Amino acid sequence: MTSFQSTLGEEPGIAEELAENQQAISIAEFFEKNKHMLGFDSGARGLVTAVKEAVDNALDAAEEAGILPDIYVEIQEAGDYYTLIVEDNGPGLTKESLPKVFGKLLYGSRFHVREQNRGQQGIGISAAVLYSQLTSGKPAKITSRTQGEHEAQYFELIVDTDENEPEISVERTTSWDRPHGTRIELEMEANMRARNQLHDYIKHTAVVNPHARLELREPEAHFKFERATDQLPEETEEIRPHPHGVELGTVLKMLAATDSHSVSGFLQEEFTRVGKKTSESIIDAFRDRHYGREMRWRPPAATEDIDLRTVVAEATANKGQDATSAFADAIADGVDERDRIAHHELLAVVADAAEDAEAEHGTTFGETVRENAVEAVWLALVDVAEDDEDRESADSRLVDEIYALADEATSTRKDDAVVYAFAERLAGTFADVTEADVRHRLTQTALREAVDRAADLTEEYDDVAFGDTARENVVETIWDVMATVPDEPPLVRELSDDRDAASDLVDAMRETDIMAPPTRCLSPISADLIEAGLRKEFDADFYASSSRDAEVHGGDPFVVEAGIAYGGDLEAEGTVDVLRFANRVPLVYQRGACATTDVVKSIGWRNYGLDQPGGSGLPNGPAVVMVHVASTNVPFTSESKDAVANVPEMEDEIELAIREAARELKSFLNKRRSMQKRRKKQNVLGKILPEMATKVAEVTGRDEPDIDDAIARIMNNVLVEREVEANGDAKAVSVVVENNSSTSEHLEITDIVTAEPTALPDDVTVVEMDGEWFVKWDPEVGSGDEATLEYEVATDASFDLSVKGVETEKLTVKQ
Amino acid sequence: MSTDTDQQAREQLIDLAAQFYDQFELGEIPHMSLPTRTKNNIEYDDDEKVWVYGDRESTRSANSVRGARKLLKAVYTIEFLADQLEQDRSSTLRELYYLSESWDNKEAQFNDQDESNGLVEDLEIVSGVTREDFHMRPEESGATIMGPLHLREQTRRGEREIHCQEDVGEGGYQIPNNPDTIEFLDCDADFILAVETGGMRDRLVENGFDEEYNALIVHLKGQPARATRRITRRLHDELGLPVTVFTDGDPWSYRIYGSVAYGSIKSAHLSQYLATPDAQFIGIQPADIVEYDLPSDPLSDSDVNALESELSDPRFQTDYWEEQIELQLEIGKKSEQQALASRGLDFVTDTYLPERLDAMGVI
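Conventions and cut-offs
Residues numbered from 1 in each chain as written. Chains lettered and ligands numbered in written order. Predicted model: local features only at pLDDT ≥ 70, side-chain atom pairs only at ≥ 80, totals over all residues. Heavy atoms only, no water. Helix = DSSP H or I, 4+ residues; strand = E, 2+ residues; numbered from the N terminus. Buried < 20%, exposed > 50% of the residue type's maximum accessible area, 1.4 Å probe, protein only. Contact = heavy atoms within 4.5 Å. Areas by Shrake-Rupley, 256 points an atom, 1.4 Å probe, with all protein chains shown as cover. Axes fitted to C-alpha atoms, helices over the stretch in contact; angles between N-to-C directions. Parallel < 35°, antiparallel > 145°, perpendicular 65-115°, else oblique. Salt bridge = Lys/Arg side-chain N within 4 Å of Asp/Glu carboxyl O. Pairing = 2+ DSSP bridges. Expected span 1.5 Å × (residues − 1). Arc of directions from axis to C-beta. Disulfide = S-S within 2.5 Å. Left-handed = near helix turned anticlockwise from the far one by under 90°. Nonpolar A, V, L, I, M, F, W, Y, C, P; charged D, E, K, R; others polar. pLDDT = per-residue confidence, 0-100. Polar contact = N/O pair within 3.5 Å; in protein donor to acceptor, adjacent residues only side chain to side chain. Patch = residues over 30% accessible without salt bridge, like charges linked within 9 Å, V, L, I, M, F, W, Y side chains within 5 Å. Lys, Arg positive; Asp, Glu negative; His and termini not counted. Charge placed at Lys NZ, Arg CZ, Asp CG, Glu CD. Phe/Tyr/Trp six-rings, centres within 6.5 Å; stacked < 30°, edge-to-face > 60°. Lys NZ or Arg CZ within 6 Å of the ring centre and 35° of its normal.

Novice: How should I be thinking about the overall build of chain B in this particular structure?
Specialist: When helices and strands are counted, chain B shows 13 helices and 17 strands. When each of the 363 residues of chain B is scored for burial, the buried share is 55%. Taking contacts inside chain B between residues at least 6 apart in sequence as the whole, the part at least 24 apart equals 73%. With an accessible surface of roughly 15700 Å², chain B has 41% of that area assigned to carbon and sulfur atoms.

Novice: I tried to follow the overall build of chain A on my own but got confused; where do I start?
Specialist: In terms of helices and strands, chain A carries 24 helices and 28 strands. The buried share among the 815 residues of chain A stands at 51%. The contacts of chain A with a sequence gap of at least 6 include a subset with a gap of at least 24, amounting to 71%. When the accessible area of chain A is evaluated, it comes to approximately 38800 Å², of which 44% is carbon and sulfur surface.

Novice: Where do I start with the packing of helix α7 (residues 195-208) of chain A against helix α21 (residues 527-537) of chain A in this structure?
Specialist: How two helices pack is summed up by the angle between their axes together with the distance between the axes. Residues and elements named next belong to chain A. It is at 7 Å that the axes of α7 and α21 come closest, and there the two elements cross at 140°. On the basis of their axis angle, the class for α7 and α21 is oblique. Seen from α7, the contacting residues are Lys203, Ala206 and Val207; seen from α21, they are Gly533, Leu534, Lys536 and Glu537.

Novice: Sorry if this is basic, but what is going on with the pattern of salt bridges here?
Specialist: Between side chains of opposite charge, a pair can form as their charged atoms come close. All names here are of chain A. This structure, assessed with the given rule, holds 58 salt bridges over all chains. Here glutamate 531 makes a salt bridge to arginine 535, at a shortest N to O gap of 2.9 Å. Within this pair, glutamate 531 and its partner arginine 535 are both found in helix α21, separated by 4 residues, close to a single helical turn. With relative accessibility at 22%, the residue glutamate 531 sits in the partly exposed group. Taking the shortest distance from any N to any O, the salt bridge between arginine 672 and aspartate 541 comes out at 3.2 Å.

Novice: Sorry if this is basic, but what is going on with the sheet that holds strand β15 (residues 280-283) of chain B here?
Specialist: The strands making up a sheet associate through hydrogen bonds between their backbones, and the pairing can be parallel or antiparallel. Residues and elements named next belong to chain B. The 6 strands lie next to each other as β10-β7-β13-β12-β14-β15, forming an open sheet whose pairing is mixed. The open sheet has two edge strands with one neighbour each: β10 (173-174) and β15. Of the strand pairs in this sheet, strand β7 (residues 144-146) and strand β13 (residues 215-219) are connected by 2 bridges, and their pairing is antiparallel. Each residue of the ladder has a partner; that of methionine 146, found in β13, is isoleucine 217. Contacting β12 (191-195), β14 (243-246) and β15, helix α13 (residues 347-360) crosses the sheet at an angle of about 145° to β15.

Novice: Explain the sheet that holds strand β11 (residues 483-484) of chain A to me, please; I cannot follow it from the model alone.
Specialist: Residue and element names in this part refer to chain A. Ordered in space as β10-β9-β11, the 3 strands form an open sheet in which the pairing is antiparallel. The open sheet terminates on both sides in strands that have one partner only, identified here as β10 (441-442) and β11. In this sheet, β11 lies alongside strand β9 (residues 293-294) in antiparallel orientation, the contact comprising 2 bridges. When the bridges of β11 are listed, glutamate 294 appears paired with alanine 483.

Novice: How do you make sense of unusual backbone geometry when you look at a structure like this?
Specialist: Excluding glycine, residues mostly carry a negative phi; peptide bonds, for their part, are mostly trans. Between glycine 283 of chain B and isoleucine 284 of chain B the backbone carries a cis peptide bond, its omega angle lying at 5°. Look at asparagine 583 of chain A: it is not a glycine, yet its phi comes out positive at around 50°. Note on placement: asparagine 583 of chain A falls in the loop between β15 (577-582) and β16 (585-587). You will see that histidine 135 of chain B, though not glycine, has its phi angle at about 65°, which is positive. Looking at the element boundaries, histidine 135 of chain B is found in the loop between α4 (113-127) and β6 (136-137).

Novice: I keep staring at helix α18 (residues 468-481) of chain A and nothing clicks. Help me out?
Specialist: One full turn of an α-helix is made of 3.6 residues, so residues set three or four places apart face in the same direction. End to end, α18 of chain A covers 20 Å across 14 residues, agreeing with the expected 20 Å (1.5 Å per residue, within 8%). For α18 of chain A, the complete set of buried residues consists of Ala470, Arg471, Val474, Val475, Thr477, Ile478, Trp479 and Val481 of chain A.

Novice: Can you help me understand helix α17 (residues 444-462) of chain A in this one?
Specialist: Residue and element names in this part refer to chain A. The end-to-end C-alpha distance of α17, which contains 19 residues, comes to 26 Å, matching closely the 27 Å that a straight helix rising 1.5 Å per residue would cover. Within α17 the residues assigned to the buried category are Leu447, Ala450, Val451, Ala454, Ala455 and Thr458. Angularly, the buried residues of α17 cover 130° about the axis, an arc narrow enough to put them on a single face. In α17, the exposed positions that point more than 90 degrees away from the buried face belong to Thr445 and Glu460. Within two residues after α17, aspartate 463 carries a phi angle of roughly 55°, on the positive side.

Novice: What's the story with the state of the cysteines in this structure? I'm lost.
Specialist: One covalent bond between the sulfur atoms of two cysteine residues makes up a disulfide. Residues and elements named next belong to chain B. Under the criterion given, the structure shown has 0 disulfides over all chains. Sulfur of cysteine 164: no disulfide; nearest cysteine sulfur belongs to cysteine 187 and is 9.1 Å away. Residue cysteine 164 is classed as buried on the basis of its relative accessible area of 0%.

Novice: Before we go on, may I ask you to explain the packing of helix α9 (residues 263-270) of chain A against helix α10 (residues 276-290) of chain A in this structure?
Specialist: Residue and element names in this part refer to chain A. Relative to each other, α9 and α10 sit at 125°, their axes nearing to 9 Å. One way to sum up the angle between α9 and α10 is to call them oblique. Here the hand of the crossing between α9 and α10 comes out right-handed. Touching Val263, Ser264, Leu267 and Gln268 of α9 are Lys276, Ser279, Ile282 and Ile283, all from α10. Split by residue class, the contact of α9 with α10 holds 4 nonpolar, 3 polar and 1 charged.

Novice: How should I be thinking about the confidence of the model for chain B in this particular structure?
Specialist: Atomic detail in the predicted coordinates should be set aside for any region of low pLDDT. For chain B, the average pLDDT comes to 88, and 98% of its residues sit at 70 or higher. Overall fold confidence (pTM) sits at 0.59, and the ipTM for the predicted complex is 0.74.

Novice: Before we go on, may I ask you to explain the interface of chain B and chain A in this structure?
Specialist: Across the contact, 26 residues belong to chain B and 25 residues belong to chain A. Joining chain B to chain A, the criterion identifies 3 salt bridges. Of the charged contacts, one joins lysine 695 of chain A and glutamate 79 of chain B as a salt bridge, the two residues approaching to 2.8 Å between their closest N and O atoms. Where chain B meets chain A, there are 5 residue pairs in polar contact (both at pLDDT 80 or more).

Novice: Just checking my understanding: could you explain a negative patch on the surface for this structure?
Specialist: Taken together, the side chains of Glu756, Glu768, Asp770, Glu772 and Asp800 of chain A make up a negatively charged region of the molecular surface. Residue position: glutamate 768 of chain A is located in strand β23 (residues 764-769).

Novice: How should the pairing of strand β17 (residues 623-631) of chain A be read in this particular structure?
Specialist: If a strand is regular, its side chains alternate between the two faces of the sheet. All names here are of chain A. In terms of burial, β17 is largely enclosed, as 9 of its 9 residues are buried. Neither face of β17 is open: one carries Ala623, Val625, Val627, Val629 and Ser631, the other Val624, Met626, His628 and Ala630, and all of them are buried. Bridge count for strand β14 (residues 556-566) against β17 is 9 bridges, and the pairing is antiparallel. If you follow tyrosine 566 over to β17, its bridge partner there is alanine 623. The pairing of β15 with β17 spans 6 bridges and is parallel. Residue pairing across strands places alanine 582 opposite valine 629, the latter belonging to β17.

Novice: Any chance you could explain the environment of glycine 771 of chain A here in plain terms?
Specialist: Among the secondary structure elements, glycine 771 of chain A is positioned in the loop between β23 and β24 (772-777). Once residues lying within four places of it in the same chain are set aside, the contact partners of glycine 771 of chain A are Val753 and Thr754 of chain A.

Novice: It is not clear to me how the packing of aromatic side chains should be interpreted in this structure. Could you clarify?
Specialist: Two aromatic rings, taken as a pair, are described by how far apart their centres are and by the angle between their planes. Scanning the entire structure with this criterion turns up 27 aromatic pairs over all chains. Plain terms: the ring middles of tryptophan 103 of chain B and phenylalanine 110 of chain B are 5.9 Å apart, the flat faces sit at 55° to each other, and that makes the pair tilted. We note that tryptophan 103 of chain B, like phenylalanine 110 of chain B, is buried. Summarising the aromatic geometry, the rings of tyrosine 262 of chain B and phenylalanine 316 of chain B are spaced 6.3 Å apart at their centres and angled 90° between planes, so their arrangement reads as edge-to-face. Taken together, the residues span a long stretch of sequence, with tyrosine 262 of chain B in the loop between α8 (251-261) and α9 (271-274) and phenylalanine 316 of chain B in the loop between α11 (301-311) and α12 (319-331) at a distance of 54 residues. The exposure classification of tyrosine 262 of chain B matches that of phenylalanine 316 of chain B, with both residues buried. One aromatic cluster is present, built from ring pairs that chain together Tyr254, Tyr257, Tyr262, Phe281, Phe316, Tyr320 and Trp321 of chain B. When the ring centre of tyrosine 21 of chain B is taken as reference, the NZ or CZ atom of arginine 702 of chain A above it lies at 4.5 Å.

Written out as structure tokens, the structure reads:
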């Protein structure tokens, strides 16, 4: 059989031949072939994307310079082509940078910056230029004027796709009516089939940028969106990465680049929210991971047949009796004092004892003596006595201690004998370790393996279950007893070459609790302005908004905000509109691929009073749900920045933000429903009861009775009633509030009187205006209670009661 | 028909309307309270030996849309009844239902006849005036009597003297809607035999049971009309005749006996006037089904439920009924009166009834 392998062998030149065909491709060339990745997949879409990129750039430019943006977009039909013109009042571009901004992909100031901006990669506008030149063959025409310049710069350029460099065909100065700003004119093959998306984009941009003035003129429409506020969004600041969100590769790069020598310095210098204390916590976590912890054993109890003094004395030679016994006493006491002791702690105890003995007795306790003492004591503690070969392992200290710990960790239902057998096996691991590393140093992983092995054996031989929970508990209990080692962490330069150690550091950083990153790098819209934006563009009955605290994803902080508008002129048929925004940019395409849409679909909207067929998916009804994700690095699904990727941390926050706003919607809808019911009841009763009263009067042959009080009571209404009685020459006026509702009500009552009121109580204010007295009274009336305001007027007067603070459906006023 | 009674009834109705009027004026929610008409709220009146309503009340109040509609209808009905009394006219319950269609107010019209019937009962209870005194009649007039009884009835066309055996055809004497217009002249009967079904009544008449045993055969026609119960009560009170009740052997028939003897739940406010506490039950008893080995049907689920509900009905809480009902639940069978025909057409008159009546000490 002929194998392909052998054929290859016979033609030695093929690999080289193939290699000749391989060559680097420029980024511009790549995107030329992959236009869809940037959102230029069709003529309709290409136009929207070009507008979007140009407007985003313009907004960023103006805001960065502290200028309130004023942006003009025009689309002209030119045969089969369209001309797009976007003008802004930004700071303008210098003659040097201008060609690169528009004529070179991946050229920008923001890619390396952790700060919230609309554009990030420096692709957008140059991709639009590229698209225009590909479809129309015409260069982009750019005019720019910086503040204070007499003349504007005019360029015509294309992107040289081979080199990814601008190729300037015309360069001259020109005059322009704007004092500063940039104007770009692109001609492209396009169509207006995506007119709705284009309008949406401009409208939604206006919603989230209430400080911007936008104008759109296209062949069939002309809109202007005026400013709702003169307040520019707060300026953002660049921040360092947050330890919770960086990946190993990034950390390695940072390690290589930093000026710091120590890990502690590196952490504090290069990351946000890391101070001395946090860096210590991180380093401790790193030690546990990298070096493991040392097991701490109990000092011998009085009942045990171990005398540390003798042990030390035997190990110490030629130091004189007094000095030796002082040394031995100090060590024995030092060990005894502790609850448990680890090897490195014992080292410290011995060192202290040695120094004390040296100071007191003038005898030198050198390295060897110290080492001998440590070894003797430690071996006694871990029960490896040299000449005690016939001792049964069952009596081993290690087994006893492990048994105590395992017994504490496992459920009481476990048979003692089983736990003991398990402890024996686990203690065996420590005994084995003694030969390799006398310090009993284990990483958590090694400990877990040891526990697993012992548990497996126990299961096998003792035929009992030793489940994952029990194992985990044992690991945890023992790990808690073990001590973090004092070893110095490696230096930065060592770390940068040691992938495993660096990985331990990354793990340690993730595990340590660290304050959320600062938000000054973000510019959320704020709940108030979201509501204002929605109010500006949607005529609804109800608005709610929420703005979450910052969270971290991938080292980048992010803030999620949500808003809901409901009712009014919003379309009641079909599903609700979901408006998606990222860094104040509306996302127009790929709605289905966006995390925002997924979250909206996953929420049970029936809970919040919206109709949701099947209990999932987009709800129906006259509502708009908007979500804004602001981040120093929004995770998009593709370069065209149409959809937010499904990042769990972000999805959680989106959900919480929406739910926060939805809760307000729910209480609004509930209230509205109950008011509707009340109104319906009121309507029916308002018809029936007067008819009943008429009939009753007819049957009894009396005048029609007064039914307002009865109605107020039936409707659980708040009844405000004024009575005027003659009191000598004067009139006594009383205004009675009767609260028949089930809740306490706070009313604002104004009685407008045409004569001066007297004998007013203290809690009432009177203001006179043009011969009318405004008597203002704000009573708080509990459920089922009454409150009365009494005053007098000298002469005949007319009155006019107005009551606020109670819904009209709940109010009956009689005067 | 005394105009005095009419006048009184009319005043009672108008007082009721005035009560609503006053409630409006006082700023109260118009309402009326009624005894709760369920079996949980009937209690035994030791003096009268009948079951009457207990103390539990339910309130019809204008607090809800439903309640307000009810009261509106009540006021319209009051007006109608008051006018009717004034003009000395009468109408049937069904006519009231249709008449409401002519009222100017849609909200006041009745949805079905149960509603208007119920409302008339409400008004009876609240005003203390019987339906008859409102000049309201049921559709189907009372049933018939056959037996040696001579009476005088006041009709709209003058007084008529009738003998209920000699002056009537096979159908018997038709009980008028208001039996209080009857005066008993003479009676040769020894006891009253109230029969549930028409078939059995015809059988007894054909076999000449009334003549042979001097029995007044009262046809109950299923659940007896008020007039039937009222005349039974009067025959018992005024002529001292023992009353016996002969029905099918199923739970629904026991209720027929119950309403003759103890009063019905719906008209417990009139028990003193309608019920005959001394009435005795002949059968068909569950024990008879066993004893005479009668053809039977199995109890349906609803029969079982009805029996169980009777066990918790205070009217049936006597040793006799508990024993019989439990027996029936045990054997799981029911039989009709006509099942006696399985032993021949004369069995009922020759054997069954004489044996039962003898055992009960009636003959």
